[in-house]
Amino acid sequence: TLIGAEGMGEVEVWPGEVSKNDDDIITKAIALYTQKSAWKSKKNLIPMCIKQNFSSKSFSLNFWEKLEKQMTNIDELRNSDYIGEIMRYQSHNASKYLGKWIEEKKNK
């Protein structure tokens with residue numbers, strides 16, 4: 001489906017079929033299964049698709065750059081993350097009161 005194909009690269013070079021409805025998926029699946037030329041053409045797209053969409057080299061550099069940028073601006077990032085601040089506060093309080101409850105339970 002189109003939703004399932006989101007983030008998987010360009011639909012034109014995807015080594016399979018993307019369809020909008022069930023009947024279209026069934027028709028395309030049967031065509032791939034029964035037509036050797038269609039199967040081979042899609043099979044030949046696999047290496048290019050993997051290299052283009054899933055290469056660790058292309059993503060790792062971008063990942064490390066973003067991580068380094070965030071680490072140098074960690075205080076600014078934390079201050080701008082209001083929801084994260086609330087979550088950390090709530091998590092801290094939950095741990096605090098759970099610890100108090102366990103201590104109280106031990107004392108009884």
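Below you will find a few notes about this structure. Remember, predicted model here, so these are calculated numbers, not experimental data. (Residues numbered from 1 in each chain as written. Predicted model: local features only at pLDDT ≥ 70, side-chain atom pairs only at ≥ 80, totals over all residues. Heavy atoms only, no water.)

In this section: the side chain of Ser19. With respect to the helices and strands, Ser19 occurs in the loop between α1 (2-5) and α2 (22-34). A relative accessible area of 3% places Ser19 in the buried class. Within the structure, the side chain of Ser19 is placed 3.5 Å from the side chain of Asp24, a separation counted as a polar contact. (Helix = DSSP H or I, 4+ residues; strand = E, 2+ residues; numbered from the N terminus. Buried < 20%, exposed > 50% of the residue type's maximum accessible area, 1.4 Å probe, protein only. Polar contact = N/O pair within 3.5 Å; in protein donor to acceptor, adjacent residues only side chain to side chain.)

On to the environment of Val13, then. For Val13, the position within the fold is in the loop between α1 and α2. Residues contacting Val13, with those up to four places away along its chain left out, are Leu45, Met48, Cys49 and Gln52. (Contact = heavy atoms within 4.5 Å.)

What follows deals with the packing of aromatic side chains. Within the structure shown, the criterion is met by 1 aromatic pair. For the ring pair Phe63 and Trp64, a centre distance of 5.1 Å and an interplane angle of 75° mean the geometry is edge-to-face. Judged by its relative accessible area of 47%, Phe63 is partly exposed. The exposure class of Trp64 is exposed, given its relative accessible area of 53%. (Phe/Tyr/Trp six-rings, centres within 6.5 Å; stacked < 30°, edge-to-face > 60°.)

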